Amino acid sequence: MPVLLKILLPTIAAVTLCLSCSRQQESAHREIYQELKSADKMVLATMSITKTATIDKSRELFGKRIAVYSYDTYMRACIDLSRLTEDDISFDEGSRTVRITLPPVVTELSGREMELRKEYDNIGLLRDSIDARERAELKELANASLKEEISNNPEFVTQLTEEAKRKARSYFATLLSNEGYTAEIDFRQF
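Residues numbered from 1 in each chain as written. Predicted model: local features only at pLDDT ≥ 70, side-chain atom pairs only at ≥ 80, totals over all residues. Heavy atoms only, no water.

## Some words on the nonpolar core
Within the largest apolar cluster, 28 residues are counted, with the highest numbers of intra-cluster contacts made by L36, I79, I100, L102, F172 and I185. Of all the secondary-structure elements, those providing two or more residues to this core are β1 (41-56), β2 (65-80), β4 (97-102), α2 (132-152), α3 (155-177) and β7 (182-187). The element that contributes the greatest number of residues to this core is α3, accounting for 6 residues. With near-sequence residues (within four places) excluded, I79 lies in contact with D40, K41, M42, L44, L102, P103, P104, V105 and F172. A53, I55, A67 and Y69 belong to the second largest nonpolar core, which has 9 residues in total. (Core = buried A, V, L, I, M, F, W, Y, C linked by side-chain atoms within 4.5 Å. Buried < 20%, exposed > 50% of the residue type's maximum accessible area, 1.4 Å probe, protein only. Helix = DSSP H or I, 4+ residues; strand = E, 2+ residues; numbered from the N terminus. Contact = heavy atoms within 4.5 Å.)

Right, dumping it as structure tokens:
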């Protein structure tokens, strides 16, 4: 074997090994990215909000006609991981850390109970009971009122958003620690 080949063979082997390791790391990074992105919309926190509504159609001459109903509306906080880009994730193999900038947390109303719960009623003898049409109208008015309350009071959104961020940090830290990384999690602004 020529001397030059004896000198170059270990160097070629080392370069090939480095390139192979680099490709394996790149493949592992891409796999982690694809796993995160494939989650799409991830619901991280939910909240139930009880809304109370009142019908009061009392008349002095005919008597009382009062009813109080309640129902639950559900609100959730989520992140849309389909909006995650490869630029949002950076790996530092030296320190085994991953820095992720997640899409912003979004809150939304996710539904409400179909039926109203009767909490109280006082219907006079000469008055009709509350019918299904009146209850449906009451629920629509109450729902519009609830949406306005939520938009005027940022406490609902703030509380839910903070809980979602805390859970996201915990989830991604655990997920990446299973891959041998320490996670640094940030969130994009709108």
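## Structural notes on the sheet that holds β4
An order of β3-β4-β7 is seen for the 3 strands of this open sheet, with the pairing classed as mixed. Strand pairing shows two members of the sheet lacking a second neighbour, β3 (89-92) and β7, which therefore form its edges. Neighbour-to-neighbour, the strand axes of this sheet turn through a mean angle of 15 degrees, independent of strand direction. Pairing of β4 with β7, which is carried by 6 bridges, proceeds in the parallel orientation. Bridge pairing in β7 links R99 to E184. Of the strands in this sheet, β4 and β7 touch α3, which is tilted by about 150 degrees from β7. (Pairing = 2+ DSSP bridges. Axes fitted to C-alpha atoms, helices over the stretch in contact; angles between N-to-C directions.)

## Re a nonpolar patch on the surface
Among the surface-exposed residues, L61, F62, L125 and L126 lie close enough to one another that they form a single nonpolar patch of about 550 Å² accessible area. Following the sequence through the fold, L61 ends up in the loop between β1 and β2. Judged by its relative accessible area of 70%, L61 is exposed. (Patch = residues over 30% accessible without salt bridge, like charges linked within 9 Å, V, L, I, M, F, W, Y side chains within 5 Å. Areas by Shrake-Rupley, 256 points an atom, 1.4 Å probe, with all protein chains shown as cover. Salt bridge = Lys/Arg side-chain N within 4 Å of Asp/Glu carboxyl O.)

## A closer look at the packing of aromatic side chains
Inspection of the entire model under this criterion finds 2 aromatic pairs. A centroid spacing of 5.4 Å and a plane angle of 65 degrees characterise the contact between F91 and Y181, whose relative ring orientation is edge-to-face. Of this pair, F91 sits in strand β3 while Y181 sits in the loop between α3 and β7, placing them 90 residues apart in sequence. Residue classification places Y181 among the buried residues on the basis of a relative accessible area of 7%. One Lys or Arg, R96, reaches over the ring of Y181 and ends 4.0 Å from the middle of that ring. Geometry around Y71 places K139 over its ring, the cationic atom sitting 5.3 Å from the centre. (Phe/Tyr/Trp six-rings, centres within 6.5 Å; stacked < 30°, edge-to-face > 60°. Lys NZ or Arg CZ within 6 Å of the ring centre and 35° of its normal.)

## Considering the environment of R127
Tracing the chain through its elements places R127 in the loop between β6 (117-123) and α2. C-alpha of R127 to C-alpha of K64: the two residues are 63 residues apart in sequence and 7.5 Å apart in space. Once residues within four sequence positions are removed from consideration, R127 is found in contact with K57, S58, R59, F62, G63, K64 and R65. Within the structure, the side chain of R127 is placed 3.2 Å from the backbone oxygen of G63, a separation counted as a polar contact. (Polar contact = N/O pair within 3.5 Å; in protein donor to acceptor, adjacent residues only side chain to side chain.)

## Some words on the environment of I55
Along the chain, I55 falls in strand β1. Not counting the four nearest positions on each side in its chain, I55 is found in contact with R65, I66, A67, I130, E134 and L138.

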